[in-house]
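Structural overview
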Amino acid sequence: MAQRSSFVVVANRLPVDEVTTTDGEKQWRPSPGGLVTALHPVLAQHRGTWIGWAGGDGPAPEPFELEGIHIHPVPLSAEELERYYEGQSNATIWPLYHDAVETPVYKRRWRETYRVVNHRFAQAAAEVAAEGATVWVQDYQLQLVPAMLREMRPDLRIGFFLHIPFPPIELFMQMPFRAEILRGLLGADLVGFQQRLAAQNFVRLARHLLGLRYEGQSIQVDGRRVKAGAFPISIDTADMEKLAADPAVQARAKQIRAELGDPKTIVLGVDRLDYTKGIELRLKAFRELLADGKLNVGEAVMVQVATPSRERVEHYQTLRVRVEREVGRINGEFGRVGTPAVHYLHQSVSKQELAAMYAAADVMMVTPLRDGMNLVAKEYIACRGDTGGALVLSEFAGAATELRQAFLCNPHDPDGVKDALLRAVGAERAELKRRMRVMQRHLRTHDVARWAKTFLDELGVDDEKTRD
Ligand code: ADP
Ligand code: F6P
């Protein structure tokens, strides 16, 4: 019988992925993405159960303990991986919710598998949740879970948080099983979003699609009240600041600068290799500034780290080709032997290496066409200490609502992106430090612990009681 918990998180991914090395050995590695970055410290504090997929296909590994968290893996077959994860989650819902920046693909068999897998996650939660427990369901892969779980376990307090944007009504209405998704979410007591506008889209949609009444952010459903609200997610700011201040990380930052030829300006991009992140447009902005003679190779260098992501999904395969072609073009046209214009890494790096890169970079470019929040932007700020540094930030990232002292730009306007990058490169150190200080102060008070507490308070859960 599974160990029962008073606090359960249900997410598509576990904090660690089981990978098979080239020698056939099984290993656990940190999982990619912002959801894990944010939730890991929260769970480690609450010591609850984390239900999720372990990364591969076939039978799930046995439950185990990780830093005080009970890890409860859920299996996915190869077919489910293709239909539920790569198909319905990442080729239908992901592009649709990100303003359809790539065309969403709709397939009936993907939908059916999405139902089956959501039911499995709900069942796992019903098994491990103690009487009256709090279950916090995460993200777009599991939108049917709240209603399924309520049906199985009406005694539970159920929260749902969407890490990505929630689209306007007219886009959401494209979804073939739209009413089922909406009813799935309405199974929760509280539905949380990154932005106020997203919460408004949701309550209006409930009236538009299901004719439900709402007052403020509170929807009447089957005699229950379902609340919606905005809870902008964040990072473990103190932990990131501490890591960046570590002498080993600072020494590595100096070494990175030296290895890049001690240029005047290091421009950095760090993302999952995803078409929502605007990687191509920032490369293009950099190329045009080199061509215009506004930046010079040797004085300025760009580093782009792109974590491999969803590699079997077609949109991602074509993106990789386009990005790598652009990197090749820039280096071909502007690079010199021993001095490339762009350094491109298609790999994951350790947290320490990432912190050193942030500490080394003069300008951080975060230019998504649409992003729920973007934690990379927040991590960069936390890693700057009192050394200044400039953040170029897309207005279409959730983070732009909070980080107003960044060099904001519209990613759909190439000249606007170039202008923001040039202003960031040319800004006085005193101005950069002033901007950075304001954003750092904000992140110290608005960290991930506050995000979790605010959500759980609104859910009506005593934060202390969820600590097993
Ligand atoms: P998303 O959730 O869409 O991936 P976020 O910016 O919110 O985007 O979160 C990305 C997380 O993944 C951050 O915590 C970041 O540090 C981490 N990350 C991104 N790229 C890499 C990389 N190449 N190596 C290691 N970690 C990475
Ligand atoms: O926050 C967005 C998100 O899709 C998370 O749900 C996910 O864990 C992360 O990005 C990484 O994506 P994936 O799990 O598909 O590798």
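Predicted model, so just to flag it, every value in this text is computed and none were measured. (Residues numbered from 1 in each chain as written. Chains lettered and ligands numbered in written order. Predicted model: local features only at pLDDT ≥ 70, side-chain atom pairs only at ≥ 80, totals over all residues. Heavy atoms only, no water.)

If you tally the helices and strands in the chain, you get 16 helices and 18 strands. Relative to the compact-globule value of 23 Å for 468 residues, the chain shows a C-alpha radius of gyration of 22 Å, a close match. For the C-alpha atoms alone, the extent of the chain along its principal axes is close to 65 × 45 × 45 Å. Classification of the 468 residues of the chain by burial places 57% in the buried group. A sequence separation of at least 24 residues applies to 72% of the contacts in the chain between residues at least 6 apart. (Helix = DSSP H or I, 4+ residues; strand = E, 2+ residues; numbered from the N terminus. Rg over C-alpha atoms; globule rule 2.2 N^0.38 Å. Buried < 20%, exposed > 50% of the residue type's maximum accessible area, 1.4 Å probe, protein only. Contact = heavy atoms within 4.5 Å.)

Moving on: the site of ligand 1. Taken together, 18 residues lie near ligand 1, and G34, T37, R272, V349 and E379 sit nearest. The contact in question runs from an oxygen atom of ligand 1 to an N or O atom on the side chain of T37, over 2.7 Å. The contact in question runs from a nitrogen atom of ligand 1 to an N or O atom on the side chain of T307, over 2.8 Å. Its free accessible area being 570 Å², ligand 1 has 87% of it covered by the protein chains. Looking at the shell around ligand 1, the elements with two or more residues in it are helix 1 (34-46), strand 13 (265-272), strand 14 (300-307), helix 12 (351-360) and helix 13 (375-382). For the shell around ligand 1, the residue count by class is seven nonpolar, seven polar and four charged. (Near = heavy atom within 4 Å. Polar contact = N/O pair within 3.5 Å; in protein donor to acceptor, adjacent residues only side chain to side chain. Areas by Shrake-Rupley, 256 points an atom, 1.4 Å probe, with all protein chains shown as cover. Nonpolar A, V, L, I, M, F, W, Y, C, P; charged D, E, K, R; others polar.)

This part covers the site of ligand 2. The immediate surroundings of ligand 2 are formed by 13 residues, with R13, Y85, D139, Q141 and R310 found nearest. Between an oxygen atom of ligand 2 and a side-chain N or O atom of Y85, the distance comes to 2.6 Å. Between an oxygen atom of ligand 2 and a side-chain N or O atom of R310, the distance comes to 2.8 Å. In isolation ligand 2 exposes 380 Å². Once the protein is present, 94% of that is buried.

A few words on the environment of A355. Among the secondary structure elements, A355 is positioned in helix 12. Overall, the relative accessible area of 0% leaves A355 in the buried class. Taking the C-alpha atoms as reference, A355 lies 6.4 Å from C383; in sequence the two are 28 residues apart. Beyond its immediate chain neighbours, meaning those up to four positions away, A355 contacts L243, V249 and C383.

This part is about the side chain of D371. With respect to the helices and strands, D371 occurs in the loop between strand 16 (363-366) and helix 13. Owing to a relative accessible area of 10%, D371 belongs among the buried residues under this scheme. In this structure the side chain of D371 is engaged in a polar contact, spanning 2.9 Å, whose partner is the side chain of N374. When residues no more than four places from it in sequence are discounted, the contact partners of D371 are H98, P165, K277, F396, A397 and G398.

Take helix 6 (residues 178-185) next. Among all positions in helix 6, only I181, L182, G184 and L185 are buried. All buried residues of helix 6 fall inside an arc of 155° around its axis, so they share one side. (Arc of directions from axis to C-beta.)

Taken in spatial order, the six strands make up an open sheet running 15-14-13-16-17-18, and their pairing is parallel. Lying at the two open borders of the sheet, with one neighbouring strand each, are strand 15 (342-345) and strand 18 (407-409). Each strand of the sheet is rotated relative to its neighbour by a mean of 20°, with strand direction disregarded. Across two bridges, the pairing between strand 13 and strand 16 is parallel. Bridging across to strand 16, L268 finds its partner in M364. (Pairing = 2+ DSSP bridges. Axes fitted to C-alpha atoms, helices over the stretch in contact; angles between N-to-C directions.)

Our next topic: the nonpolar core. Formed by 102 residues in total, the largest nonpolar core has its most connected members in Y97, F121, F166, F202 and F286. For this core, the element with the highest residue contribution is helix 3 (residues 108-128), accounting for nine residues. The residues contacting F202, other than those within four sequence positions of it, are F166, L182, L185, L186, V191, F193, I219 and A228. Formed by 71 residues, the second largest nonpolar core is a distinct cluster that contains L43, L260, Y358 and F455. (Core = buried A, V, L, I, M, F, W, Y, C linked by side-chain atoms within 4.5 Å.)

Here F166 shows up in the loop between strand 8 (157-161) and helix 5 (169-172). For F166, a relative accessible area of 4% puts it in the buried group. For the pair F166 and A199, spaced 33 residues apart in the sequence, the C-alpha separation amounts to 7.7 Å. Ignoring sequence-local partners within four residues, the contact set of F166 consists of Y97, F172, L185, F193, A198, N201, F202 and L205.

For the structure on display, the rule yields 33 salt bridges. Between E79 and R83 there is a salt bridge, with the nearest N and O atoms lying 3.7 Å from each other. Here E79 pairs with R83, and both are found in helix 2 (residues 78-97), just four residues apart, close to one helical turn. Through salt bridges with shared partners, a single ionic network connects K284, E288, D292 and K418. (Salt bridge = Lys/Arg side-chain N within 4 Å of Asp/Glu carboxyl O.)

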